[in-house]
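Listed below are the residues making up each chain.
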2 protein chains.
Amino acid sequence: MKYGYFDDRAREYVINNPETPYPWINYLGSKNYFCLLSNTAGGYSFYKDARLLRITRYRYNNVPIDAGGKYYYIYEDGEYWSPTWAPVKAKLDYYQCQHGLGYSVITGERKNISTEILYFVPVDDNCEIHRLKIKNNGSSVRKIKLFSFVEFCLWDAYDDMTNFQRNLSTGEVEVEGSTIFHKTEYRERRNHFSFFTVNSNISGFDTDRESFIGLYNGFHEPQVVVSGRPGNSIASGWSPIGSHCLEIVLQPGEEQSYIFILGFMENNPDNKWSSCGGINKDKAYSMIRRYNSDIKVDNALQQLKSYWDDLLSGFYLESGDDRLDRMVNTWNQYQCMVTFNLARSASYFESGISRGIGFRDSNQDLLGVVHMVPERARERLIDLARTQFEDGSTYHQYQPLTKEGNNEIGSGFNDDPLWLILGTAAYIKETGDISILNEEVSFNNGKEATLFDHLLASFNHVVLNKGPHGLPLIGRADWNDCLNLNCFSTDPGESFQTTTNKDDGQAESVLIAGMFVTIGPEFVKMCRFIGKDEIADRAQSEIEDMKKAVMEHGRDKNWFLRAYDYYGNKVGSIDNNEGQIYIEPQGFCVMGGLGIESGFARKALDSVKERLDTEYGLVLLDPPYKQYYPELGEISSYPPGYKENGGIFCHANPWIMIAETVLGRGNNAFEYYKKIAPAYLEEISDIHRMEPYVYAQMIAGKDAVNHGEAKNSWLTGTAAWNYVAITHYILGIRPEYEGLKIDPCIPEEWSGFYVEKRFRGKVYKIHVNNPAKVSKGVKHIKVDGEIIEGNLIRIPLENQARENVNDNTTQHIVEVIMG
Amino acid sequence: MKYGYFDDRAREYVINNPETPYPWINYLGSKNYFCLLSNTAGGYSFYKDARLLRITRYRYNNVPIDAGGKYYYIYEDGEYWSPTWAPVKAKLDYYQCQHGLGYSVITGERKNISTEILYFVPVDDNCEIHRLKIKNNGSSVRKIKLFSFVEFCLWDAYDDMTNFQRNLSTGEVEVEGSTIFHKTEYRERRNHFSFFTVNSNISGFDTDRESFIGLYNGFHEPQVVVSGRPGNSIASGWSPIGSHCLEIVLQPGEEQSYIFILGFMENNPDNKWSSCGGINKDKAYSMIRRYNSDIKVDNALQQLKSYWDDLLSGFYLESGDDRLDRMVNTWNQYQCMVTFNLARSASYFESGISRGIGFRDSNQDLLGVVHMVPERARERLIDLARTQFEDGSTYHQYQPLTKEGNNEIGSGFNDDPLWLILGTAAYIKETGDISILNEEVSFNNGKEATLFDHLLASFNHVVLNKGPHGLPLIGRADWNDCLNLNCFSTDPGESFQTTTNKDDGQAESVLIAGMFVTIGPEFVKMCRFIGKDEIADRAQSEIEDMKKAVMEHGRDKNWFLRAYDYYGNKVGSIDNNEGQIYIEPQGFCVMGGLGIESGFARKALDSVKERLDTEYGLVLLDPPYKQYYPELGEISSYPPGYKENGGIFCHANPWIMIAETVLGRGNNAFEYYKKIAPAYLEEISDIHRMEPYVYAQMIAGKDAVNHGEAKNSWLTGTAAWNYVAITHYILGIRPEYEGLKIDPCIPEEWSGFYVEKRFRGKVYKIHVNNPAKVSKGVKHIKVDGEIIEGNLIRIPLENQARENVNDNTTQHIVEVIMG
């Protein structure tokens, strides 16, 4: 069952039934000011940090599920309704929500009054625009009262939802003209405030929630709206809100437009008060003036669209498969940007309270954006490296505001260091900017170093932390935190990861070994490029040792083991009663080239197909754990079929896709791709439940009650890895240090495809033809009519960051014949 | 305006209008299992710890404010309603909520169907009973469907409201017969579960919230209730709930009774599973059998009533003033027990998330309960002492489950140590059990010590931490955390108390000085009783020094100063622009006897009356701070008139009442008493807003927008201190080490009063007569007809804890003539 459709031209997903199986959201904002907006106007806004600077209040897991948002109410003759359906839920004659790139438009009509509300955050500003157009489609004059509504959060979202003995006494507002200023704690240590305004005179307002809604009423029946009379309330403590009342008269056929702005503003501490004692509003009024007319809003929207068009134009596909094209050209890239911006902080499943920027997460996230925002990827790499210790271990998370490592979680996740190598390699391969290796970035202890020193420390951290089988020690956990082989937690509520009660643990990870043989060679290549051959040689020798260790001790009969536990027992072996086969090492070991020649790689991937494949994707392990094993940790804490315990943990699926391309099995690779790519799941939205335009972290596995049901949409490394899998490995348009490799691995039935890729300042228009209906293999490639040697378009590395990577004036025509 | 009335015979507050100005709640449970229940059935339950073991989910500061609770829905012929008014809010023909001692009864009637729901927690059990009686008051047969509803919390309330990426995948239930078992995480580290049952066959059930309510519906319109058809849903992840559906046929005049039980159960880890793989339910079924009939429920309720009757019978007053009698005999004592049980953890203003057992709080709370539960007070004193450091400083909080000091808050609140002396003194004076001083209780570092050693360390901590004026250093803050003279916080969101950036701070507290001269003599007396005269002499000399220091450096022209700040500037002086006079030192310095002879005490209390008195009580300071002073800390962070910044912070009001009795000014003392005693505020419930049967922490002061509006009801030291003020000082029935002192200080117009007090195993029936209409002064006292010397009924101290302090077989008649 579908709840909407893709409008590929407009790059929108258009929802035409408000009662989606879960609120389907969009992200407004791309730099500092963010807003989560559902298809019925639920959600909240924040500035930079979803915990510390939350602008509007939102209650997660509420009843109704999505209560609270940026609401408008229309009142006429004793009746009222919401043009976004929620919260009033009065039946609409027409409803539509367009989720576009950084904007959403929600249209509603009832009894011949229609509204269209455009919500967006201007590219370089810290506010959100709600432009509401209201039209009389009938033949009689209509007198309407329009009420707006936002509920302010008292900034620190955690405090806001726990410390009521204080915060119900602190709320303060000012009202001036049509602008409501929320200034709680401004008089003490905050030099910032928010405001909510409209470019029109108002007939009244409310700033106190209870006065507006009533103590015992829901959002669906605010007493002010029920009565049609604004309360002109001034909040003093309790819960400040912003609500305007506009009296609107519409002639038959008449349309009017109103621009509401919700803004965040910081003042200089020395200049925070106005001469008459109120807050200094000058900068706020300047901001308001930037958007107080339709033409200004149109321009800002156009600027936003150009921003996204430009970002997304770096890779363009025509495959003949609409669903694939829309994933690659629009939605997958869009999601990659969102995961890069937000890490795992704020979604409808991430409360914005507890998670910083993950070291492992962000290095992977940037795989999906390095072609769009290379400068920001570079900055992120440096920020990440700065939280690394001299021995190569890393803080597992850092705080976005302070960029300081998070001591509560600490270190000890032994896969973390390698991801920095992978992230750096991706950056260099995309941009050619090898100079980043010389970038000075100190270790966490302040010791001066270059980024290369960090990568060396990363590499060595694996080398110097090996266990009895010569495999890497796992530490607290590797990807993704849930296999906790040295942290035996037996007390409820204890952290599975930080209960490090087995500090002498010798548990080993075959996943890290697989990562090492996959990512290690990137380090070797980087060494060679900057003339550090001695290090390269030693590193290569370590990689060979690791390959040997995996082939000797890291294999079960038909697949790669997952780990050795604290006691030296195998994890992910046919000898186990549960959890006999895990997905991760099959992906990474094959990516690293293990067992290719011997056929073991093929056997491992065949086992994946046999044991892990389902209608809705590959489960993480099989069979799931039915009981809790303290020696395995969190993974066995989930009910069978959910999350890591046998759920379809989408993040790991593309590793298998990529591994399949290593074996040349394009049919399998693309089949796996389609199973979890959301655009292909649109028709089963009633089962899948999450947005059909973005990946979810997890789909319930075959042993779950709700097999096929997704959770945790939006913020997941799934986005970046699937983007890598489809573009670099299946379509095979893959940046390498020396240039652009063309190495497709596609379903045999495909006759070809067309890609435009922006790469190191030029645009490559790549026509791939597959006359022989092969999965893999390039017969020849012509660049601008000339056949090149092999399948690599050579472009030299650069010794400095390119000033404007998005310059795309030079084009090359590439013709590829597979066979 | 009133919303109900006191039923003094039944010891109930009876609410007859469901739309109270704020949800008016009651506490069910008195030992380990607790439930907060509002007058319309909102609220939640927990076992021992409101954060770690929350049984049902609740959303604070929600819209509607009190959404979520223990709901019942009645469905008939396509219509449905709530017999507790909320959440459906269908108009009732009759509504009543009786909040009694440990139980509540909510009655509702609509269209001739009436229900009466009795909610209570049995005295010694870990469950709550909801007995629902339903009656057909009409003349036709009625066919009804009754739906029950509770929403389970996934135990850790903080995790439950933040960590959705995990916890939406963990929910699990079992259903067996009429019982719904909530067993999330039972399969891993939890050996406990909850269940919801009814003593009747059911026609269906639901355990999945979305199936029952619908994704986009509120509690007021669950889709199952709207349709009248249970979904028989089995929760798998998301949000487990418990709902039964009962089909009921009622003949005209017929009444039926149904007993619902919500229980919490722990199993032995070795015996947690049943043979068929489900949870071991044996103990749960035993619990259910204890309450599955009306007679069993009647007995359990009777046991509960006896429990409370016994607790409250230790002090009984007949004053001729109903409002005073109901405060003293019932509601003040009841609130004292609740504050002792809950500390500051869980109320409608305390989220249960962040606050442990406060050292300062609990020592004061036990002043109000030591006559009711001396054994538990003794245990609490020992628990508190165990978190004390050898140098006398103390952890500011400890965790109720672990009894370990809370490192996040740490130590450094320099008033803390003295409260332990006060608490211990109160215990000894009430019980006579001087043996507690020899109780072995180690310091926090494990060093062995007696409780006396702790008191000595407490006393010395003040002595050894004095500032330039010989006054006690304040440390991070004294009562109550908001005057932070060494923690200059300039960053938003920083803790005002733990930002100890001025560790060299020499800021001094006149409040601690006042406490020292008030509480210090208690220590001296204890020393003398156990023959430690040398220590007593030294201590007395320190007290004299402190008195001198206060009289020299701790006074302003007309009142006592509050403090010296980091820079040595006065706080609470006429020389300040704001915050010229504070309430706390006026109370404690006069209690300590300072300035009595010189007349300064009178001047100080006259200043209190002049500067701090308002229609609704005494504000904490005047004038309030209009700007933030980093050197004063949190106190200046509140908007003027709220909380510590010039609010009527009720906790400190009884200090002035007591001080007034020291001066013999009974009129003033009782006037202050009446201004904040909730029973006297019943008629202004629309202004006061909080429950008229319990104190609130704060009433907005004269500079606040909402002067007279209370906040933070229930969990406040106000309860204990007002109980002390009225019983020990105004009525003057005051335990002393040597016996019971009779020392009333009452309004002159009173002609007398009658008190029964249980004291050290005997009952004293005290008739006080005031023929001369004096405020203070006892002419003579007869005990059992014999005139005694002075006004102290001498009873020797005991060298061991009394086995049964509540033995009240021996009675004495005491006749008191004032004059």
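This one's a predicted model, so the numbers in the text were calculated from it and none came from an experiment.

A. Main features of the UniProt feature "domain: Glycosyl hydrolase 94 catalytic" (unreviewed entry) in chain A. When the UniProt feature table is mapped to this numbering, "domain: Glycosyl hydrolase 94 catalytic" (unreviewed entry) covers residues 307–732 of chain A. Between the end C-alpha atoms of residues 307–732 of chain A the distance is 27 Å, and the span holds 41% helix and 8% strand.

B. Structural view of the domain arrangement of chain A. The assigned domain composition of chain A is domain 1 (10–309) and domain 2 (734–818). Just the C-alpha atoms count here: the centres of domain 1 of chain A and domain 2 of chain A sit 47 Å apart.

C. Main features of the interface of chain A and chain B. Opposite the 79 residues of chain A that make contact, chain B presents 79 residues. Between chain A and chain B, a total of about 6,800 Å² is buried, with carbon and sulfur atoms accounting for 52% of that surface. By the criterion of area lost to chain B, the three top residues of chain A are Arg 187, Arg 189 and Tyr 216 of chain A, representing 14% of everything that side buries. Counting the contacts that link chain A with chain B gives six salt bridges. Notably, a salt bridge pairs Glu 210 of chain B with Arg 689 of chain A, separated by 2.7 Å at the nearest N-O pair.

D. Focus on the packing of helix H9 (residues 374–386) of chain B against helix H10 (residues 416–431) of chain B. Residues and elements named next belong to chain B. Packing of H9 against H10 leaves a shortest axis separation of 11 Å and a crossing angle of 155 degrees. By the criterion of interaxial angle, the relationship of H9 to H10 is roughly antiparallel. Seen along the crossing, H9 lies across H10 with a hand that is left-handed. Between H9, through Pro 374, Ala 377, Arg 378, Leu 381, Leu 384 and Ala 385, and H10, the contact on the second element is made entirely by Leu 420, Gly 423, Thr 424, Tyr 427 and Thr 431. Its residues assigned to classes, the contact of H9 with H10 shows seven nonpolar, three polar and one charged.

E. Focus on the UniProt feature "domain: Glycosyl hydrolase 94 supersandwich" (unreviewed entry) in chain A. As recorded in UniProt, the sites labelled "domain: Glycosyl hydrolase 94 supersandwich" (unreviewed entry) are residues 11–293 of chain A. Structurally, residues 11–293 of chain A is divided into 10% helix and 42% strand, and its ends, taken at the C-alpha atoms, are 26 Å apart.

F. Focus on the relation of the copies chain A and chain B. Superposition of chain A onto chain B requires a rotation of 180 degrees combined with a translation of 0.0 Å along the rotation axis, giving an RMSD of 0.1 Å. Given the turn and translation reported, the copies of this chain are related as if by a two-fold rotation axis. Interface overlap between copies is the fraction of interface residues in one copy that are interface residues in the other; for chain A against chain B it reaches 100%, indicating a shared surface.

G. Region of the structure containing the environment of Leu 455 of chain A. Residue and element names in this part refer to chain A. Turning to its location among the elements, Leu 455 is positioned in helix H11 (residues 451–463). Distance from Leu 455 to Leu 422, taken between C-alpha atoms, is 9.5 Å for residues 33 residues apart in sequence. Setting aside anything within four residues of it in sequence, one finds Leu 455 in contact with Leu 420, Ile 421, Thr 424, Leu 437, Phe 523 and Met 526.

H. Geometry of the pairing of strand S34 (residues 739–742) of chain A. Residue and element names in this part refer to chain A. Bridge analysis of strand S33 (residues 733–736) against S34 gives four bridges, and the strand direction is antiparallel. Across the sheet, the residue bridging to Glu 736 is Gly 739, located in S34. Once S33 ends, the chain turns through two residues before running back antiparallel as S34. Direction of pairing for S34 relative to strand S39 (residues 792–794): antiparallel, over a ladder of three bridges. The residue bridging Lys 741 from the neighbouring strand is Leu 792, located in S39.

I. Just the sheet that holds strand S39 (residues 792–794) of chain B, in detail. Residues and elements named next belong to chain B. Overall, antiparallel pairing links the three strands, which are arranged S33-S34-S39 in an open sheet. A single partner strand is all that each edge strand has here, and the edge strands are strand S33 (733–736) and S39. Adjacent strand axes in the sheet meet at a mean angle of 25 degrees, parallel and antiparallel pairs treated alike.

J. Layout of unusual backbone geometry. Put simply, Asp 622 of chain A and Pro 623 of chain A share a cis peptide bond, and its omega is -15 degrees. Checked against the element boundaries, Pro 623 of chain A lands in the loop between strand S29 (621–622) and strand S30 (648–649). Residue Asn 480 of chain B follows Trp 479 of chain B across a cis peptide bond; omega there is -5 degrees. The topology assignment puts Asn 480 of chain B in the loop between helix H11 (451–463) and strand S23 (508–509).

K. Quick peek at the pattern of salt bridges. Taken as a whole and assessed by the stated rule, the structure comprises 117 salt bridges over all chains. Linking Arg 344 of chain A and Asp 365 of chain A is a salt bridge whose minimum nitrogen-to-oxygen distance equals 2.9 Å. With Arg 344 of chain A in the loop between helix H7 (322–342) and strand S21 (357–358) and Asp 365 of chain A in helix H8 (residues 359–365), the pair connects residues that are 21 residues apart, well separated along the chain. Owing to a relative accessible area of 0%, Asp 365 of chain A belongs among the buried residues under this scheme. Across the salt bridge formed by Glu 756 of chain B and Lys 765 of chain B, the nearest N and O atoms sit 3.9 Å from each other. Its relative accessible area of 22% is what places Glu 756 of chain B among the partly exposed residues. Taken together, the salt bridges that share partners define one network made up of Arg 166, Glu 185, Glu 188, Arg 189 and Arg 190 of chain A together with Glu 634 of chain B.

Parameters and conventions
Residues numbered from 1 in each chain as written. Chains lettered and ligands numbered in written order. Predicted model: local features only at pLDDT ≥ 70, side-chain atom pairs only at ≥ 80, totals over all residues. Heavy atoms only, no water. UniProt positions renumbered as here; feature names shortened; annotations may be inferred. Helix = DSSP H or I, 4+ residues; strand = E, 2+ residues; numbered from the N terminus. Domains from an automatic or database assignment. Contact = heavy atoms within 4.5 Å. Buried area = accessible area lost by both parts, 1.4 Å probe. Salt bridge = Lys/Arg side-chain N within 4 Å of Asp/Glu carboxyl O. Axes fitted to C-alpha atoms, helices over the stretch in contact; angles between N-to-C directions. Parallel < 35°, antiparallel > 145°, perpendicular 65-115°, else oblique. Left-handed = near helix turned anticlockwise from the far one by under 90°. Nonpolar A, V, L, I, M, F, W, Y, C, P; charged D, E, K, R; others polar. Least-squares fit on C-alpha atoms with pLDDT ≥ 70 in both. Pairing = 2+ DSSP bridges. Buried < 20%, exposed > 50% of the residue type's maximum accessible area, 1.4 Å probe, protein only.

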